[in-house]
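# Breakdown of the fold
If you want the building blocks of each chain, they are given just below.
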Amino acid sequence: MSTLNVAVIGAGPAGIYASDILSKSGLDVNIDLFERLPAPYGLVRYGVAPDHPRIKQIIVALYKILQRGDIRLLGNVEVGRDVTVEDLQAHYDAVIFATGADRDAPLPIPGIDLPESYGAADFVSWYDGNPDYPRQWPLNAKEIAVIGVGNVALDVARVLAKHLPDMMTTEIPENVAAGLAENPVTDVHVFGRRGPAQVKFTPLELRELGHVPDVDIIVSEEDFDFDEGSQEALRSSNQQRQVVKTLTNYASIDPEERTASRRIHIHLFESPVEIVPDEDGHVKALRTERTELTGDGNVRGTGVITTWPVQAVYRAVGYYSSPIDGIPFDTVRGVIPNIEGRVVAEVGSEQTLNGVYATGWVKRGPVGLIGSTKSDAQQTIAHLVEDAQAGRLAATTSDVGHEAMVALLEERGVAYTTWQGWELLDAYEQALGAEYGELPGDRGTRERIKVVSREAMTAISRGEEVTADLIGEPGEMGVPGAVERFGDHYTGPGSTRHQ
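Parameters at a glance
Residues numbered from 1 in each chain as written. Predicted model: local features only at pLDDT ≥ 70, side-chain atom pairs only at ≥ 80, totals over all residues. Heavy atoms only, no water. Pairing = 2+ DSSP bridges. Helix = DSSP H or I, 4+ residues; strand = E, 2+ residues; numbered from the N terminus. Axes fitted to C-alpha atoms, helices over the stretch in contact; angles between N-to-C directions. Buried < 20%, exposed > 50% of the residue type's maximum accessible area, 1.4 Å probe, protein only. Contact = heavy atoms within 4.5 Å. Salt bridge = Lys/Arg side-chain N within 4 Å of Asp/Glu carboxyl O. Parallel < 35°, antiparallel > 145°, perpendicular 65-115°, else oblique. Nonpolar A, V, L, I, M, F, W, Y, C, P; charged D, E, K, R; others polar. Phe/Tyr/Trp six-rings, centres within 6.5 Å; stacked < 30°, edge-to-face > 60°. Lys NZ or Arg CZ within 6 Å of the ring centre and 35° of its normal.

A separate point is the sheet that holds strand β12 (residues 283-293). A sheet is described by the order of its strands in space; here three strands give the open sequence β11-β12-β13, paired in antiparallel fashion. A strand with exactly one partner marks an edge of an open sheet, and here the two such strands are β11 (270-277) and β13 (299-309). Across the sheet, the mean angle separating the axes of adjacent strands is 20° when strand polarity is ignored. Bridge count between β12 and β13: eight bridges; the pairing is antiparallel.

Our focus in this paragraph is unusual backbone geometry. Of note, Tyr 41 is a non-glycine position whose phi angle comes to about 95°, a positive value. You can see Tyr 41 is positioned in the loop between β2 (29-35) and α2 (43-46). Looking at Tyr 41, the relative accessible area reads 1%, which means it is buried. Here the phi dihedral of Asp 214 falls at roughly 55°; this positive angle occurs in a residue that is not glycine.

What the seven strands build is an open sheet, ordered β3-β2-β1-β4-β18-β17-β16; its pairing is mixed. Since the sheet does not close on itself, it has two edges, and those belong to β3 (71-75) and β16 (338-339), each with one partner. Direction of pairing for β2 relative to β3: parallel, over a ladder of five bridges. From the neighbouring strand, Asp 32 faces β3, where its bridge partner is Arg 72. Packing against the sheet, helix α1 (residues 13-23) makes contact with β1 (4-9), β2, β3 and β4 (94-97), and its axis sits at approximately 175° to β2. Along the sheet face, helix α14 (residues 402-411) touches β2 and β3 and points at about 10° away from the line of β3.

Another point: the environment of Gln 379. Its location among the elements puts Gln 379 in helix α13 (residues 370-389). Distance in space between the C-alpha atoms of Gln 379 and Arg 235 is 30 Å, their sequence separation being 144 residues. Those residues in contact with Gln 379, other than ones at most four positions away along the chain, are Glu 340, Gly 341 and Lys 363.

On to the pattern of salt bridges. Summed over the entire model, instances satisfying the criterion amount to 36 salt bridges. Arg 36 is paired through a salt bridge with Glu 78; the nearest N and O atoms lie 3.6 Å apart. Of this pair, Arg 36 sits in the loop between β2 and α2 while Glu 78 sits in the loop between β3 and α4 (85-91), and the two are 42 residues apart along the sequence. Taken as a pair, Arg 36 and Glu 78 share a single burial class, namely buried. For Arg 485, the salt bridge is made with Asp 102, and the minimal N-O distance between the two is 3.3 Å. In this pair, Arg 485 sits in helix α17 (residues 482-486) while Asp 102 sits in the loop between β4 and β5 (103-104), placing the two residues 383 residues apart along the sequence. Here the salt bridges share partners, and the residues they tie into one network are Arg 36, Glu 78, Arg 81, Asp 82, Asp 102, Asp 132, Arg 454 and Arg 485.

At a minimum axis separation of 5 Å, helix α10 (residues 228-236) and helix α11 (residues 238-251) run at an interaxial angle of 110°. As judged from the angle between their axes, α10 and α11 are roughly perpendicular. The residues of α11 that touch α10, namely those facing Ala 233, Leu 234, Arg 235 and Ser 236, are Asn 238, Gln 240, Arg 241 and Val 244. Considering only residue class, the contact of α10 with α11 consists of three nonpolar, three polar and two charged.

Once that is clear, we can look at the pairing of strand β9 (residues 215-219). With five of five residues buried, β9 is to be regarded as a mostly interior element. Burial of the side chains of β9 extends over both faces: Val 215, Ile 217 and Val 219 are buried on one face and Asp 216 and Ile 218 on the other. Bridge count for β9 against strand β10 (residues 262-267) is five bridges, and the pairing is parallel. Looking across to β10, one finds that Asp 216 is bridged to Arg 263.

Moving on to the packing of aromatic side chains. For the coordinates displayed, the defined rule picks out 14 aromatic pairs. Ring geometry for Tyr 319 and Trp 361: centres 6.0 Å apart, planes at 70°, overall edge-to-face. One end of the pair, Tyr 319, is in strand β15 (residues 319-320); the other, Trp 361, is in helix α12 (residues 361-364), and 42 residues separate them in sequence. Here Trp 361 falls in the partly exposed class, since its relative accessible area comes to 21%. Taken together, Tyr 118, Phe 123, Trp 126, Tyr 127, Trp 137 and Tyr 314 form an aromatic cluster joined through their ring pairs. Sitting above the plane of the Tyr 436 ring, Arg 446 keeps its charged end 5.0 Å from the centroid. Above the plane of the ring of Tyr 416 lies Arg 462, whose end atom (NZ or CZ) is 5.7 Å from the centre.

Shown next as structure tokens:
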């Protein structure tokens, strides 16, 4: 076999782990890792709260893989805008799509399109400093609803409730700090339609919630009910038992000990049915229906309706992938249709597209943690290796590999970034943190401050003079911002849904 040239699209955990596994597969292979943003790490950098306790360990693991140098990063390159799928197939023998999930799953209830109804993915992208999102976020509500009982819901609730001085130890950029400083919130209500044995929080994240200064966690003892399905879930999962224990501890706190200025309420057995507008069309309440267990861990409605006064609603009910021009897409499941990672010609087809693969959330949907991403990649790469050994993989031209792609990018004037460029940006952001100095209240120092501007990120990465400010605005360098990119699927400031 001759040397195989492979393009991996998406430099988040899915793409990096797939690249790592492929590099150790025994094939003679050259790997180019493409990323639409100027910086790597995907949702680890732009989809996880900056105070998330595990984020640093994940980034260290990903850094060690890319630092080896055998996987070459091409950042600030978007498939469908800068290069086409046909370009990739011309210059690579195989293409692996690991583009993740970057939109919010829909929640079809009345009022979901009201101006103060937001998707968690858009809010997370704002506070994580994604360059394609607006620089301001309307934080005007004193009472807020968060729909969902997974870690993203916890992240959103915690960031909304946390006092700014306690967020300043993180890498949040200046515009996010300015926005959070004006946040008037007093109460964040988290709603789940099922019970404590079914919530998707992980134990560490749920316990961490109780350590946020000047924020009380309130859980009602009435929200603890367990049927046979729930008992089986607890018997089979130590993790779920830990979650229930933590929720029980929160419920048992003496009300007189709850003296914090902000509160996070976790409401279980409450299914959202409507977001209620006021006379001017703004959010004034969330209406939920009380549910009850049916014996198998599922729930049914009881007809008991509660109206919760809130002025904003955030839905964290799952993520959804974006389609890619030239690649089939399942609009129902929000994934690239595939059979164990081999992409098929259309939904329901068994005809695979030669040399085209998927891994991660765009392959199987937005479920599972890092361990699932690794096993996903192993399955996909196993099939790629099998196809390579059978002689089924070949580019559509003889002009293959890294140099050919770089020549194409330079010919088109694409300001691509590299791993060496990321190390320059990484050092720059750490220097910004060091320059900030000591934080008040013995909180220590800031490890980094994120650069938000795409233009500035790219200039720093390419060793060029930084003429733009470090915050900037979406739409720089001719790249469409989230409002234009997602259309009706975007829910944040400037959304076309509200016009």
